[in-house]
Amino acid sequence: LKYLENPSCNGCVIRNCEGMYSVSYSFITLLLTRMIWQAGGLAMVHQKRSIPSNTFWALCGMGFFAILSSTMSKNPVLKPFSLSLGTPRDWVGVVAAASTIPGVLISLPIASLSDIFGRRKFLLMAGFVFASAPFLYLLIAVWWQLILVRFYHGFATAIFVPVAEASIAHLFPGKRGERISLF
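Residues numbered from 1 in each chain as written. Predicted model: local features only at pLDDT ≥ 70, side-chain atom pairs only at ≥ 80, totals over all residues. Heavy atoms only, no water.

A. Region of interest: the overall build of the chain. Counting its regular elements, the chain contains eight helices and zero strands. Shown N-terminal to C-terminal, the secondary structure of the chain runs as helices and strands in the order α-α-α-α-α-α-α-α. Looking at the chain as a whole, 44% of its 183 residues are labelled buried. Across the chain, contacts joining residues at least 24 apart in sequence account for 76% of those joining residues at least 6 apart. Of the roughly 9500 Å² of accessible surface on the chain, 68% is carried by carbon and sulfur atoms. (Helix = DSSP H or I, 4+ residues; strand = E, 2+ residues; numbered from the N terminus. Buried < 20%, exposed > 50% of the residue type's maximum accessible area, 1.4 Å probe, protein only. Contact = heavy atoms within 4.5 Å. Areas by Shrake-Rupley, 256 points an atom, 1.4 Å probe, with all protein chains shown as cover.)

As structure tokens, this is what we get:
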């Protein structure tokens, strides 16, 4: 921990921890996204077909690792990483909260748009954001860039969660509550 707080390293260890925590889970998320794609994806609103249970569990696995990677990018190293970049103390909370703003702005419209354009496309988009965002942490050089990357990373959760829940509700109409609570 003393090495992480060493100002002479300019956040090098912290930056590596920040990125590598998330990068490893991004690969798992990308793999699960590919499994959903190969399995024929989730049924779009215009299609009526039965979905095997393994697609539900792949979606749960994707959600688990995606949310885990998102959480790993903020705990426990976000604050030391932010401070190592020279973030003013008054802005540390803004850095942490930047990923929640997309959720507030787009969760409702994204769920509605997924009904129109198909949920599979939006799940793949969320998978791409989940997989690409951790690599951006490795490129950050200035504190305000961290806010932008956190904002971008927030789009993944803002897209994934409402679309996945809408997909589960649509695919399992008789067991909606049970499946959404398992998710």
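B. Region of interest: the packing of aromatic side chains. On inspection of all chains with the given rule, the structure shows three aromatic pairs. For the ring pair tryptophan 91 and tryptophan 143, a centre distance of 5.5 Å and an interplane angle of 55° mean the geometry is tilted. With tryptophan 91 in the loop between helix 3 (78-84) and helix 4 (92-97) and tryptophan 143 in helix 7 (residues 143-171), the pair connects residues that are 52 residues apart, well separated along the chain. A ring pair is formed by phenylalanine 151 and phenylalanine 155, whose centres lie 5.1 Å apart and whose planes are at 90°; its orientation type is edge-to-face. Pair noted here: phenylalanine 151 and phenylalanine 155 are both in helix 7, with a separation of four residues, about one helical turn. Using a relative accessible area of 29% as the deciding quantity, one classes phenylalanine 151 as partly exposed. You can call phenylalanine 155 partly exposed: its relative accessible area is 25%. (Phe/Tyr/Trp six-rings, centres within 6.5 Å; stacked < 30°, edge-to-face > 60°.)

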